[in-house]
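# Notes for the structure review
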Amino acid sequence: MYRYTAMFWLHDSSDASVDVVCTLLRSLHGKIPGILSFDVGADAMPTDTSCDACITVLFASKAACEAFLRHEAFLETKSILEGLYSRVSTASYPIREPQRKIPKLYAFIGSENREPEILGGML
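Figured I'd write up the structure that's included with this text. (Residues numbered from 1 in each chain as written. Predicted model: local features only at pLDDT ≥ 70, side-chain atom pairs only at ≥ 80, totals over all residues. Heavy atoms only, no water.)

## Digging into the packing of aromatic side chains
Summed over all chains, the structure comprises five aromatic pairs. Both rings, one in Y4 and one in F74, keep their centres 6.1 Å apart while their planes meet at 90°; by these two values the pair is edge-to-face. Taken together, the positions of Y4 in strand β1 (residues 2-10) and F74 in helix α3 (residues 72-81) put the pair 70 residues apart, joining distant regions of the chain. F74 matches Y4 in its accessibility class, with the two residues each being buried. On the numbers, 5.5 Å between centres and 55° between planes, the contact of F8 with Y85 is tilted. Note that F8 is positioned in strand β1 and Y85 in strand β4 (residues 85-94), a separation of 77 residues in sequence. Comparing F8 with Y85, the two get one shared label, buried. (Phe/Tyr/Trp six-rings, centres within 6.5 Å; stacked < 30°, edge-to-face > 60°. Helix = DSSP H or I, 4+ residues; strand = E, 2+ residues; numbered from the N terminus. Buried < 20%, exposed > 50% of the residue type's maximum accessible area, 1.4 Å probe, protein only.)

Pasting the structure below:
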C-alpha cells in the first residue's frame, strides 16, 4: 500500500478560500481507480506552522499512486490549486499492511462438557 499526502498553505486563509480548496480536492474522489481511502480536511487547530488544508489518499499499490499523480483529473485540479496556495508540501510513501489480530474464541465449561476428553476436544 502507498499513501500520498499534500498540505497546502493558502494565500488567503479565510474559511471561504479553504472551503474552495477542500471542495476541489474532494472532487477527485471516485474519479481515479486504486484508491482505498480518501480524506480531505481543513486545519481545525491552526498554529503558526500548520497548513490550511490537507489531502491524504491510501492506494492499493505504488502503481496506483503513480497513476493518480499522472491522472488528468489530478493534473487539472493541481493546475487550478497552484494559483491559490503560497506553499505546498507533499509526500508519497509505502506503508505496511496492518497486522491482523488472531480472533479470540470463547467456550463455556458447564456440566455437559467438563469431562477431560470433551475439554481436550474443545482445545
